[in-house]
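Read off the chains here:
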Amino acid sequence: MRSSRSSNATALIVLRLNHNTMGLQLLKRLQGSRWLIIMAVCGACAGGSSGGALELWYDRPAVEWNEALPIGNGRLGAMVFGGTAHERIQFNEETLWTGEPREYNRPGAATVVGQLRQLLAEGRQAEAERLAGERFMGLRSPAGDRNAWRSKVLAAGTPDNDDFWQVMELPTHGGWEVAGIPGLEGLDGAVWFRTAFDVPDSLLEQPLVLDLGKIRDEDFTYLNGRLIGNTDGAGKDRRYLVPAGSLKASNNQLTVLVLNYYDKGGFVGYKDTTVPLALYPAGKSHEAGLPLPERWHYFVQNDDAPAEPRYQADYQPFADLLLQLPGHDSVASYRRMLDIANAVATTSYMVNGVTFTREYFASYPANVLVAHIRADQRGAVSVRASLRSPHKNSRMRRVDGRTLGLTLQVKRGALRGESLLRVVPRGGDVSVTDTSITVAGADEVTLYLAAATNFKRYDDTSGRPDEAVNHTLAALEGQPYHRVKQDHIADYRSFFDTFSIGFGGDTLNHLPTDQRIARFADGKDPQLLALYAQYGRYLLISSSRPGTQPANLQGLWNGLMTPPWGSKYTTNINLEMNYWPAEVMGLSALHEPLFDMVDELRERGRETARIHYGTPGWVVHHNTDLWRGTAPINHPNHGIWLGAPAWLCHHLWEHYLFTLDEDFLRDRAYPVMKEAALFYQHNLQEDTETGYLISSPSNSPEHGGLVAGPAMDHQLIRALFGYVVAASARLGIDEDWAADIRALAARIAPDRIGRFGQLQEWLDDVDDPENKHRHMSHLWAVHPGAGINGANDPALMEAARISLNHRGDEGTGWSLAWKINLWARLLDASRTEKLLKMLISPAARGGGSYPNLLDAHPPFQIDGNFGGAAGIVEALLQSHTEGIDVLPALLPMLPFGQVSGIRARGGFVIDLKWEKHRLTELRVLSIKGGPLRIRYSAYLAELATEPGSSYRFDSKLQRL
């Protein structure tokens, strides 16, 4: 049980309206001597984290979610759109998920694991995957009766009442959930669509194709009252033949019934979003025909589709906080920005000569989001605030004369949510109904929104969210806005100010951030690279705090009821990448939520190891969720991956290497690592052809299907065995067992060089040099591992380089981020820079960045932000081998720069400065004392250090 977590998951939003922005000088006065300590750590580089250099800003409100600005306090995340007359603040509470505590493991699975291994050893992969799919994969949640529901819908016939039909523009490429129509956000059910169109004479007498793109999930398509097509399958194209002479010159009636069972619904079109819904001559394409009207009418016949069986749960949005400000439709001097040095978002503009400014921030100490807006004219603030939840089972209510309440229940799930919206105006009149709070003629308005769920732990949903929200609001009673803001900034900067970075040179801060992203490839905006690095730290501080859930696929921010990949925790790269910046960029404490999750996965994973493998130890496969599912999911060709425990343990070991915290190693890390090693000790199999120990059955993540002996597994297991052996020696325990593990490690199949000179991904030499797969799994030992490096095996390092070249440069956002780190480890500064320019490029071109600088898979995944930030630092400092390497892959676009607060393994904090691509200043702070070995260019310095002592060096590593 996490002692730092409250009994109920709770979060609080505060919105306050004021035009004053607290400046840096005031912050210094507030923090006093604490500020001086931070400045002493940051040294000369502090200038890199102040002023406009650390702002994202825009000259218009956000239109889409990927333009809104994220704020968060680890428990509550919000996306601020910055509207004027109509403002939307979409928010999440970290523990609102679908699902419930249940059994994920399949009874009897262990009885077939031997058969799977034998089939794979005999090369019968398809049979192994079929058997695993039938008898080895984890259990899904209960399914509803699809056939009965479908029959009921079809029996109802076509609706004949026109009064309830509404308008939607088609196609909706993200499903009707993103059409922006209230009530459709989480709809699974039956929806009728209809439109009418005319046909030119040239098309009337020839066979035609009605092309409706892809429809999710099943459609019944009628043309002029006749059924012309019925297709079931989300991935299938809807191209229906229309015989010659079937159409009229005018007013042809097209009616489509769409049955959607789960996820995106309706007309989703094609991946190429420029292709319209169309009618065209058979044998030709849409260019030769008639585009169908974009404007259709729709009618929701049934919104209660049967439950779809699910392996794991989905992270959910909580609600929107909506603000209406009358008379603010036409504004001047508009500016929307996010100051990541203070974690404050601001929207400002003028209306009829009056300036309005709104500030938003999410405070961890007070559990609040704050929007402080005040006009520069007294009595000018009037606002109507309401809540809107996408959850069908939700309702608002008037609580008292200053409070609005919202209650919701997740569909077919165990979790319910409660929120209270309270207004505290200065001046003006207040009225509260069951749907809104209205304030008229105030000087200032403060809105507090507390939110909580009944989640307590993955196996306990007995929380009292009503009590939690009342307690949260009571704790804020009487606290002035300025105190809440001061405490927020002081808390946030206690993390943020431990690291600073600046690259000097030309800056384009005067341009909106989306324009800077578009121009970044020109190489004339090095400060945007510094901003990107610090933005990654901002996002981690905002989404992962001690006592909270770890950052998921989207960090803390999700606006969809069925988000991509459930917005859960993918453990074959994405969850781990989220924490790549934690140690090296001065945010070690923020690793804690991941360690908490690992503790819980260990609990659940023991049962999975027993039930699925018949062995001791613990295991989790390639995904988990709020309920800590650890069984294999989805399909055997990617869902039976055994490397996750070892990779998660790598983070425990890294935390120890950076901090040298022996209590952490003894009491927390070692027991978890030992039990993971125990699982592998009992599951490694001897390969009959080579005699090596191999991992089977498993996957090379999402590539190549179910196999025996993927290289990544062997790299991970070998590394884990090395960690437990080293930890055993340092702690002076388990010496005999550690000797057994050392002997096993020596027998694991080694990395191999294949016929193309590449590092083999599998035991057999079957790599395809033309394969551009997004995963670089077999390069794990290069990064984030350290088993392959230029010092211990240059040949394998060169083979890794060849493999990375084979994969190419294009990729999803997180894939680009991984390649950035790999090329930095390979000391190729130019290639690292090239990929950073691809990562920080408009998302419309593929993997890159959205206007709000969030990473595009696409769609949005936050891992690329974290991996990219870590990659920038990896080019500046490396410490994964014996010693510390300074500026090992300095980018050509960075002739000048200064960084303070980089952490290195061995318990060191590094400040450095360079000019004209040459090191000029270097300072090393030794936290724990011990030997220091540091390299730069052809120079080497070695010395013994004392705890708490600082050491300065010149450009040739001579002591100063």
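All values derive from a computational prediction rather than experimental measurement. (Residues numbered from 1 in each chain as written. Predicted model: local features only at pLDDT ≥ 70, side-chain atom pairs only at ≥ 80, totals over all residues. Heavy atoms only, no water.)

> Break down the overall build of the chain for me, citing the residues and quoting the values.
The helix and strand inventory of the chain stands at 22 helices and 46 strands. Against the 2.2 N^0.38 benchmark of 30 Å for 960 residues, the chain shows a C-alpha radius of gyration of 29 Å, consistent with a compact globule. With respect to the principal axes defined by its C-alpha atoms, the chain has extents near 85 × 75 × 55 Å. The buried share of the chain, reckoned over its 960 residues, is 61%. Across the chain, the fraction of contacts at a sequence separation of at least 24, relative to all contacts at a separation of at least 6, is 70%. Entry remark: accessible area of the chain is about 34,100 Å², with carbon and sulfur atoms responsible for 49%. One way to put it: in the chain the 97 positive side-chain charges average out to a point 3 Å from where the 109 negative ones average out. (Helix = DSSP H or I, 4+ residues; strand = E, 2+ residues; numbered from the N terminus. Rg over C-alpha atoms; globule rule 2.2 N^0.38 Å. Buried < 20%, exposed > 50% of the residue type's maximum accessible area, 1.4 Å probe, protein only. Contact = heavy atoms within 4.5 Å. Areas by Shrake-Rupley, 256 points an atom, 1.4 Å probe, with all protein chains shown as cover. Lys, Arg positive; Asp, Glu negative; His and termini not counted. Charge placed at Lys NZ, Arg CZ, Asp CG, Glu CD.)

> Outline helix H13 (residues 592–613), listing residues and values.
Compared with the 32 Å implied by 1.5 Å per residue over 22 residues, the 29 Å span of H13 between its first and last C-alpha is a close match. Most of H13 sits inside the fold, with 16 of its 22 residues counted as buried. With its phi angle positive at about 65°, Gly 614 sits one or two positions after the end of H13. (Expected span 1.5 Å × (residues − 1).)

> Give a description of empty space enclosed by the protein that names residues and reports values.
In this structure the tally under the stated criterion is six cavities of 30 Å³ or more. There is about 250 Å³ of room inside the largest cavity. Lining the largest cavity are 20 residues, and of these Trp 580, Val 584, Glu 654, Phe 658 and Arg 905 lie nearest its centre. Looking at the lining of the largest cavity, the elements that each hand over two or more residues are helix H12 (580–584), helix H15 (644–659), helix H22 (863–874), strand E39 (877–878) and strand E41 (897–904). Grouping the constituent residues of the lining of the largest cavity by class yields eight nonpolar, six polar and six charged. Here the second largest cavity defines a volume of roughly 70 Å³. In terms of lining residues, the second largest cavity is bounded by Gly 709, Pro 710, Ala 711, His 714, Arg 718, Ala 749, Pro 750, Asp 751, Arg 752, Gln 760, Trp 762 and Leu 763. Looking at the lining of the second largest cavity residue by residue, the class counts come to six nonpolar, three polar and three charged. (1 Å grid on protein atoms, 1.4 Å probe; cavity = no way out; pocket = protein on both sides within 12 Å on 5 of 7 lines; lining within 4 Å. Points joined across faces, edges and corners; volume = space filled by probe spheres on them. Nonpolar A, V, L, I, M, F, W, Y, C, P; charged D, E, K, R; others polar.)

> I'd like a description of the layout of surface pockets, backed by residues and values.
The probe, sized like a water molecule, is rolled over the atoms to show the empty space still left. If you add up the space inside the second largest pocket, you get close to 1,000 Å³. What lines the second largest pocket is a set of 48 residues, and nearest its centre among them are Gly 186, Asp 188, Lys 411, Arg 412 and Met 561. The class makeup of the residues in the lining of the second largest pocket is 20 nonpolar, 13 polar and 15 charged. Mapping the lining of the second largest pocket onto the domain boundaries places at least three of its residues in each of domain 1 (55–99 + 313–497) and domain 2 (146–302). (Domains from an automatic or database assignment.)

> Explain the nonpolar core residue by residue, including any values.
Residues Ile 340, Met 673, Leu 720, Phe 721, Trp 818, Ile 910 and Leu 922 are the most contacted members of the largest nonpolar core, which totals 230 residues. Ignoring any residue separated from it by four or fewer positions in sequence, one finds Phe 721 in contact with Ala 677, Tyr 680, Gln 681, Leu 684, Ile 741, Leu 744, Ala 745 and Ile 748. Of all hydrophobic cores here, the second largest spans 30 residues; its members include Val 191, Ile 215, Val 256 and Trp 296. (Core = buried A, V, L, I, M, F, W, Y, C linked by side-chain atoms within 4.5 Å.)

> For the sheet that holds strand E43 (residues 918–926), give the residues involved together with the corresponding values.
Ordered by their spatial adjacency, five strands build an open sheet running E30-E41-E42-E43-E46, and the pairing between neighbours is antiparallel. One side of each edge strand has no neighbouring strand; the edge strands of this open sheet are strand E30 (500–502) and strand E46 (949–953). On average, each strand axis in the sheet is tilted by 20° relative to the strand beside it, whichever way the strands run. (Pairing = 2+ DSSP bridges. Axes fitted to C-alpha atoms, helices over the stretch in contact; angles between N-to-C directions.)

> Residue-level account of the domain arrangement of the chain, with values.
Frequently, the measure chosen for interface size is the accessible area that the parts lose on association. For the chain, the assigned domains read domain 1 (55–99 + 313–497) and domain 2 (146–302). If you average the C-alpha positions of domain 1 and of domain 2, the two centres end up 38 Å apart. Each side of the interface is counted separately: domain 1 has four residues, and domain 2 has five residues. In total, about 320 Å² of surface goes out of reach between domain 1 and domain 2, with carbon and sulfur atoms giving 38% of it. Our count for the contact surface shared by domain 1 and domain 2 stands at zero salt bridges. There are one residue pair in polar contact (both at pLDDT 80 or more) connecting domain 1 and domain 2. (Buried area = accessible area lost by both parts, 1.4 Å probe. Salt bridge = Lys/Arg side-chain N within 4 Å of Asp/Glu carboxyl O. Polar contact = N/O pair within 3.5 Å; in protein donor to acceptor, adjacent residues only side chain to side chain.)

> Outline the pattern of salt bridges, supporting the account with residue identities and numerical values.
For the structure shown, the criterion picks out 56 salt bridges. We note a salt bridge from Arg 668 to Asp 596, for which the minimum N-O separation is 2.6 Å. Here Arg 668, found in helix H16 (residues 662–683), pairs with Asp 596, found in helix H13; they are 72 residues apart in sequence, far enough to count as distant. Using a relative accessible area of 18% as the deciding quantity, one classes Arg 668 as buried. Take Asp 596: its relative accessible area is 7%, and that puts it in the buried class. Connected through shared salt-bridge partners, Asp 211, Lys 214, Asp 237 and Arg 239 make up one network.

> Would you mind going over the packing of helix H3 (residues 110–121) against helix H4 (residues 125–135) in detail, with residue names and values included?
At a minimum axis separation of 8 Å, H3 and H4 run at an interaxial angle of 165°. Relative to H4, H3 is oriented roughly antiparallel. Crossing hand, H3 versus H4: left-handed. Seen from H3, the contacting residues are Thr 111, Val 112, Gln 115, Leu 116, Leu 119 and Leu 120; seen from H4, they are Gln 125, Glu 127, Ala 128, Leu 131, Ala 132 and Arg 135. Across the contact of H3 with H4, the residue classes tally to seven nonpolar, three polar and two charged. (Parallel < 35°, antiparallel > 145°, perpendicular 65-115°, else oblique. Left-handed = near helix turned anticlockwise from the far one by under 90°.)

> Help me get a handle on the packing of aromatic side chains, residues and values and all.
Applying the stated criterion across every chain, the model contains 28 aromatic pairs. With centroids separated by 6.4 Å and ring planes inclined at 40°, the aromatic side chains of Phe 361 and Tyr 481 adopt a geometry described as tilted. Highlighted residues: Phe 361 in strand E20 (residues 354–363) and Tyr 481 in helix H8 (residues 481–496), separated in sequence by 120 residues. Relative accessible area serves as the criterion here: at 0%, Phe 361 is assigned to the buried category. Members of the aromatic cluster, joined through ring pairs, are Trp 176, Phe 193, Phe 267, Trp 296 and Tyr 298. (Phe/Tyr/Trp six-rings, centres within 6.5 Å; stacked < 30°, edge-to-face > 60°.)

> Just give me the short version of the UniProt feature "domain: Glycosyl hydrolase family 95 N-terminal" (unreviewed entry) in the chain, but keep the residues and values in it.
Here the UniProt feature "domain: Glycosyl hydrolase family 95 N-terminal" (unreviewed entry) sits at residues 56–138 and 312–457. As annotated, residues 56–138 comprises 28% helix and 24% strand, and the C-alpha atoms at either end are separated by 44 Å. Between the C-alpha atoms that bound residues 312–457 the distance is 16 Å, and the span itself is 0% helix and 62% strand. (UniProt positions renumbered as here; feature names shortened; annotations may be inferred.)

> Outline the packing of helix H10 (residues 526–543) against H22, listing residues and values.
For the pair H10 and H22, interaxial distance at closest approach is 8 Å and the crossing angle is 130°. It follows from the interaxial angle that H10 and H22 lie oblique. The element H10 and its partner H22 pack so that their crossing is left-handed. In contact with Leu 529, Tyr 532, Ala 533, Tyr 535, Gly 536, Leu 539, Leu 540 and Ser 543 of H10, H22 contributes Gly 864, Asn 865, Phe 866, Gly 868, Ala 869 and Ile 872. Among the residues forming the contact of H10 with H22, the class breakdown is nine nonpolar, five polar and no charged.

> Describe the confidence of the model for the chain, naming the residues involved and giving the relevant values.
Detailed reading of the predicted model is not advised wherever pLDDT is low. Confidence in the prediction of the chain, expressed as mean pLDDT, is 93, and 94% of residues score 70 or more. In the predicted structure, residues 1–51 sits below a pLDDT of 50 and forms 176 contacts with residues beyond four places in sequence or in another chain. (pLDDT = per-residue confidence, 0-100.)

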